[in-house]
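Each chain, letter by letter, is given below.
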Amino acid sequence: MRLTAQRSELIEVAKGTRPADLYIKGGTVINVYSGEFLQQNIAVYKDAIAYIGTSEASIGERTKVINAEGKYISPGFIEAHAHPWVIYNPVSITEKVLPLGTTTSVNDNLFFYLHMGAEGFKEMVKDLRSLPGNFLWLARLVSQADFPGERGWFNHKNVWELLELDEVVGSAEVTRWPLLYNGDPFLLETMEFIKKLGKVSDGHTAGCSYEKLNAIVASGVSACHEAITAKEALERLRLGMWTTLRNSSLRPDLAELIKLITEGNVSTDKILMTTDGPHPGFINKDGYVDGLVRQAVELGVPVMKALQMVTLNAAAYLRLDDYVGGLAPGKKADILILPDLHDFRPDLVIASGEIAAENGKMLVQLPEIEWQKYIVKEPFAFSKTILNEADLYRYPHPSEDSTVPVAYFKSNVITQRKDTVLPSVDGYADLSNHEGLINAVLIDRSGKWISKAILERFAVHLDGMASTYNTTTELLVAGRDPKAMSIAAARVYDMGGGIVIVDGYQIVLEIPLPFTGMMTTSPSFDVSVEYHDRLLLMLQERGFPFHDILYTLLFLTCDFLPGLRLVPYGLYEVKTDEILLAAAPLNTECYHIKN
């Protein structure tokens, strides 16, 4: 991170010998360094703060003076753990959250890297420099689900090159934390490389006991956002981790986690907050980082501490506190003017010294990005005619004497194995008299393999659905009617990625997600809200009983959460670490069934 303003210029503005570009007058400055509320003015030159105090010597003829009387002047908010691919894309999420006060976001690069490789990702990062605010990155070291060729894709050369980029502040969460616990050589070597760079290593330790957590911290992990109770958060804090309290669409846990502060009387110096990639409807309703501050204060956290967690603390964790996280001479001019300390919705947002948003609306031009130019993988590399085969979508079950392992959904993302006796017809499981069971398949986009499962309590009345929105971004197809499933799959194929729902043999919903199969290419955040809300409503009408369909789709194909998972190697049971039904070649369907 660098400043456009020269230090010598800032000195002159501070002395009053050079006029400021902007002068914010009459407000109450929120000083997150001292914990004070001060009646002071702020002089801005180019992209930096030059002066804070009561002098007006830097006001010149061309200085824009902003009257902040009766208002509060805050540092811009920082989201230290963002996922800019939840149907929205980097441009559309910026359009929404920068007017809400988030001037710095640090973003997971997973699906960008999976489809672009190192060179394409670097080109996109360069083009996104023109986004208002600070759009920074964390680089994945491994994927969220093992797949054939993963270690070749996530190799030393490419991953380390990305870690060296100025816009990459460290490594992203390793969701498969047992790799760290077991001392994976590539991960440990890369952790050492990250430490030498002076960058951070974000963490993901869901379900990790305190004893095992010691080993994860010893591996070099800097932070974790996966605590779901105040006790778990305290364990992370006690082991020296930057402890990130989460309130997201999938895990709205802040009311419980905040007890760490309101009841625990702990130091908050190493505590942050995150929204952790919420779905578009959640952001539209509850806000982004502003919503975190709002809820924390409502739950009893002092205003100053709540603001420090999303400004100074976040900047210190990211090792960017020389530039962002507070209001002081020489820092970036990322400034919010807040009308009150209740809603925390800014009247005015200044990003890098430029008035970027007012009253919730963007005032600056967003870049027009040609997203597909970075992609190095074809959307689909097999003939669409394969998708017409009805047996493609059926679960192999040659004998009535054996049970079938069914993935029963206990919650949005947690499944449980249920061994179920099902009739066998022509070598496949017959679900026709078992309401609540549907078939699901995961089809390799390159046409090499197919994995199969049976799901229960996903969506009882779903005829057919296809989606590339999942952890693997392969073609996930689910439903009770093979023909409807084939229609949905073929339409997603034609769109180059997305989500389709079919009733009978009619398409009733299309969500084109041609950018990596996860994101719309629209620059409008409202488009992603509309897509999400329609998808959730349609699936709930068809029996989906939960609240966050995007994360259900995302994590069905991962390999680190409890239960049965549909992964590139087949139907996988996480607890026992075994493949129950191996993936088969896509064209021959030769299966090995484990009873």
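Because the structure is predicted, anything quoted here is derived from the model rather than measured.

1. Quick word on the packing of aromatic side chains
Phase 1 of the analysis: Applying the stated rule across the entire model yields 20 aromatic pairs.
Phase 2 of the analysis: With 6.5 Å between their ring centres and 90 degrees between their planes, Trp-177 and Tyr-181 make a pair best called edge-to-face.
Phase 3 of the analysis: The exposure class of Trp-177 is buried, given its relative accessible area of 12%.
Phase 4 of the analysis: On the basis of relative accessibility, which here comes to 36%, the residue Tyr-181 falls in the partly exposed class.
Phase 5 of the analysis: Measuring from ring centre to ring centre gives 6.0 Å for Phe-380 and Phe-382, while their planes differ by 80 degrees; the resulting arrangement is edge-to-face. An identical accessibility class is assigned to Phe-380 and Phe-382; each is buried.
Phase 6 of the analysis: Feature note: the residues Phe-112, Phe-121, Phe-135, Trp-137, Trp-371 and Phe-515 constitute an aromatic cluster, connected by ring pairs.
Phase 7 of the analysis: In this structure, Lys-212 packs its charged tip against the face of Tyr-181, placed 5.5 Å from the ring centre.
Phase 8 of the analysis: The side chain of Arg-445 reaches across the aromatic face of Phe-380, ending 5.2 Å from its centre.

2. Regarding the pairing of strand β26 (residues 464–467)
Phase 1 of the analysis: Across the two faces of β26 the burial is the same, with Gly-464 and Ala-466 and Met-465 and Ser-467 all buried.
Phase 2 of the analysis: Relative to strand β28 (residues 498–503), β26 is paired through 4 bridges, and the arrangement is antiparallel. Across the sheet, the residue bridging to Met-465 is Ile-501, located in β28.
Phase 3 of the analysis: As defined by bridge partners, β26 adjoins strand β27 (residues 475–479) across 3 bridges and the pair is classed as antiparallel. Across the sheet, the residue bridging to Ser-467 is Leu-476, located in β27.

3. Some remarks on the UniProt feature "domain: Adenine deaminase C-terminal" (unreviewed entry) in the protein
Phase 1 of the analysis: Sites flagged by UniProt as "domain: Adenine deaminase C-terminal" (unreviewed entry) map to residues 413–576.
Phase 2 of the analysis: Overall, residues 413–576 shows 24% helix and 34% strand. The separation of its end C-alpha atoms is 18 Å.

4. Describing the environment of Met-485
Phase 1 of the analysis: Positionally, Met-485 belongs in helix α16 (residues 482–495).
Phase 2 of the analysis: The buried category is assigned to Met-485, whose relative accessible area is 0%.
Phase 3 of the analysis: A sequence separation of 98 residues divides Met-485 from Leu-387, and the C-alpha atoms of the two residues are 8.9 Å apart.
Phase 4 of the analysis: Residues in contact with Met-485, not counting those within four places in the same chain, are Tyr-393, Asn-439, Asp-463, Gly-464, Val-477, Ala-478, Gly-479 and Arg-480.

5. Some points on the sheet that holds strand β32 (residues 578–582)
Phase 1 of the analysis: The antiparallel open sheet is built from 3 strands, whose spatial order is β30-β31-β32. Strands at the two margins of the open sheet, each flanked by one partner only, are β30 (564–567) and β32. Direction aside, the axes of adjacent strands within the sheet are offset by 30 degrees on average.

6. Side note on the sheet that holds strand β2 (residues 28–31)
Phase 1 of the analysis: One open sheet accounts for 7 strands, arranged β3-β2-β7-β16-β17-β18-β19; its pairing is mixed. The open sheet has two edge strands with one neighbour each: β3 (36–39) and β19 (361–362).
Phase 2 of the analysis: For strand β7 (residues 72–75) and strand β16 (residues 335–338), the ladder comprises 4 bridges, and the chain directions are antiparallel. Across the sheet, Pro-75 pairs through a bridge with Ile-335, a residue of β16.

7. Regarding unusual backbone geometry
Phase 1 of the analysis: The residue Phe-344 is not glycine, and still its phi comes out positive at about 60 degrees.
Phase 2 of the analysis: With respect to the helices and strands, the residue Phe-344 is situated in the loop between β16 and β17 (348–351).
Phase 3 of the analysis: The phi angle at Thr-473 is positive, at roughly 60 degrees, despite the residue not being glycine.
Phase 4 of the analysis: For Thr-473, the location among the structural elements is in the loop between β26 and β27.
Phase 5 of the analysis: For Thr-473, a relative accessible area of 3% corresponds to the buried category.

Conventions used here
- Residues numbered from 1 in each chain as written.
- Predicted model: local features only at pLDDT ≥ 70, side-chain atom pairs only at ≥ 80, totals over all residues.
- Heavy atoms only, no water.
- Phe/Tyr/Trp six-rings, centres within 6.5 Å; stacked < 30°, edge-to-face > 60°.
- Buried < 20%, exposed > 50% of the residue type's maximum accessible area, 1.4 Å probe, protein only.
- Lys NZ or Arg CZ within 6 Å of the ring centre and 35° of its normal.
- Helix = DSSP H or I, 4+ residues; strand = E, 2+ residues; numbered from the N terminus.
- Pairing = 2+ DSSP bridges.
- UniProt positions renumbered as here; feature names shortened; annotations may be inferred.
- Contact = heavy atoms within 4.5 Å.
- Axes fitted to C-alpha atoms, helices over the stretch in contact; angles between N-to-C directions.

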